[in-house]
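# Commentary on secondary and tertiary structure
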Amino acid sequence: TVVDTRAPVFTVVPQDLVVESDGSGNTAQLEQWLANVAAADTCGDVTITHDFAALSDGPGHTGTALVTWTATDACGQNKATTSARFTIQDTASRP
């Protein structure tokens, strides 16, 4: 019997990202950022999930979210986590 005791390893680790508000919630940038993660494991395929629910309630279409990704190995026994922050800011001057 082989016992897997090693957690998956993130091979693409999300980084904190600050973007300028596009006035519509920056949906495309957020979705791309959430998907830019990968992990590997000796036990086979890795399932990656995240806990993003919503941005903090900043003024207009701004805000911040601290997101944690969890990588679970195919054996279902071992997990690894990593976190990063996505921030939408509005620094454009208005007439």
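Residues numbered from 1 in each chain as written. Predicted model: local features only at pLDDT ≥ 70, side-chain atom pairs only at ≥ 80, totals over all residues. Heavy atoms only, no water.

## Some thoughts on the state of the cysteines
Inclusion rule: For this text, the term disulfide refers to a pair of cysteine sulfurs within 2.5 Å. Here a strand is any run of E in DSSP of at least two residues, a helix any run of H or I of at least four, and the numbering for each starts at the N terminus.
The tally for this structure, following the rule as stated, stands at one disulfide. Each disulfide pairs two cysteine sulfurs, and for Cys43 the partner residue is Cys75, the sulfurs being separated by 1.7 Å. Between Cys43 and Cys75, the S-S torsion sits near 60°, and that sign places the bridge as right-handed. With Cys43 in the loop between β3 (38-40) and β4 (46-50) and Cys75 in the loop between β5 (63-73) and β6 (79-89), this residue pair connects regions lying 32 residues apart in the sequence.

## Quick word on helix α1 (residues 27-35)
Applied cut-off: Only protein chains enter the accessibility calculation, which uses a 1.4 Å probe. A residue is then buried if its area is under 20% of the maximum for its type, exposed if over 50%, and partly exposed in between. As used here, the arc is the angular range of directions from the helix axis to the C-beta atoms. For this analysis, residues touch if any pair of their heavy atoms sits within 4.5 Å.
Every buried residue of α1 is accounted for by Leu30, Trp33 and Leu34. Seen from one end, α1 has its buried residues packed into an arc of 100°, which puts them on one side. Relative to its buried face, α1 has exposed residues pointing more than 90 degrees away, namely Ala28, Glu31, Gln32 and Ala35. Looking at the buried positions of α1, the neighbouring elements they touch are β2 (17-20), β4, β5 and β6.

## A short note on the environment of Gly58
Position of Gly58 among the secondary structure elements: in the loop between β4 and β5. Note: C-alpha distance between Gly58 and Val37 (21 residues apart in sequence) is 26 Å.

## Focus: unusual backbone geometry
Unusually for a residue other than glycine, Asn26 sits at a positive phi of about 50°. Position of Asn26 among the secondary structure elements: in the loop between β2 and α1.

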